[in-house]
Amino acid sequence: MSTTDWLLVLYTGAVITVIATILLNQGMAKISAGSSAAFTALMPLSTIVMSALFLHESFYWYHFLGIAFVFAGIAFATLPSSRTKRRAPVAAQTKGS
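Residues numbered from 1 in each chain as written. Predicted model: local features only at pLDDT ≥ 70, side-chain atom pairs only at ≥ 80, totals over all residues. Heavy atoms only, no water.

A.B. asks: Any chance you could explain the layout of surface pockets here in plain terms?
C.D. replies: If a probe as big as a water molecule is rolled over the atoms, it shows which places are left empty. Estimates place the volume of the largest pocket at around 190 Å³. Lining the largest pocket, in full, are Ala20, Leu23, Leu24, Gly27, Met28, Ile31, Ser36, Phe39, Thr40 and Met43. The element that contributes the greatest number of residues to the lining of the largest pocket is helix α1 (residues 3-30), accounting for five residues. Along the lines of polarity and charge, the residues of the lining of the largest pocket split into seven nonpolar, three polar and no charged. (1 Å grid on protein atoms, 1.4 Å probe; cavity = no way out; pocket = protein on both sides within 12 Å on 5 of 7 lines; lining within 4 Å. Points joined across faces, edges and corners; volume = space filled by probe spheres on them. Helix = DSSP H or I, 4+ residues; strand = E, 2+ residues; numbered from the N terminus. Nonpolar A, V, L, I, M, F, W, Y, C, P; charged D, E, K, R; others polar.)

A.B. asks: Explain unusual backbone geometry to me, please; I cannot follow it from the model alone.
C.D. replies: Excluding glycine, residues mostly have negative phi values, and the peptide bonds linking residues are mostly trans. Not every positive phi belongs to a glycine, and His56 is a case in point at roughly 55°. Here His56 is to be found in the loop between α3 (43-54) and α4 (61-78).

A.B. asks: Could you clarify how one ought to interpret the environment of Gly66 in this entry?
C.D. replies: Topologically, Gly66 is positioned in helix α4. Taking relative accessible area as the criterion, Gly66 reaches 30% and is therefore assigned partly exposed. The spatial distance from the C-alpha of Gly66 to the C-alpha of Ile48 is 9.7 Å, given a sequence separation of 18 residues. (Buried < 20%, exposed > 50% of the residue type's maximum accessible area, 1.4 Å probe, protein only.)

A.B. asks: How do you make sense of the packing of aromatic side chains when you look at a structure like this?
C.D. replies: How two aromatic rings sit relative to each other is given by the distance of their centres and the angle of their planes. A complete count under the given rule lists three aromatic pairs for this structure. When the ring of Trp61 is compared with that of Tyr62, the centres are 5.7 Å apart and the planes differ by 80°; the resulting orientation is edge-to-face. Judged by relative accessible area, which is 44%, Tyr62 ranks as partly exposed. Connected via pairs of aromatic rings, a cluster forms that spans Tyr60, Trp61 and Tyr62. (Phe/Tyr/Trp six-rings, centres within 6.5 Å; stacked < 30°, edge-to-face > 60°.)

A.B. asks: When you look at the side chain of His63 in this model, what are you seeing that I'm missing?
C.D. replies: Examined against the element boundaries, His63 turns out to sit in helix α4. Engagement of the side chain of His63 in a polar contact is seen with the backbone nitrogen of Tyr60, the distance being 2.8 Å. Dropping the residues within four chain positions of it, His63 is found in contact with Ile48 and Ser58. (Polar contact = N/O pair within 3.5 Å; in protein donor to acceptor, adjacent residues only side chain to side chain. Contact = heavy atoms within 4.5 Å.)

Next up, the structure:
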């Protein structure tokens, strides 16, 4: 590899990664952890879609399967469950008996 190639690799690895991390951390400071997790789960999906649109990469059946799994994971993570309902402490339950 030439010197230019190594400089481009260094730029991509250092500058782009640092800027992305700073922006991610600033965004996480402004929204809740749950919302942040949902957007983080969408990153592979956006990578697949943008590579197909801009780089004309092939889009296969397993990409659709992966997208379905991502949406299912977000749905399961954000749906309210019976485990999250607040219950009275055990001590409070035993006082009435």
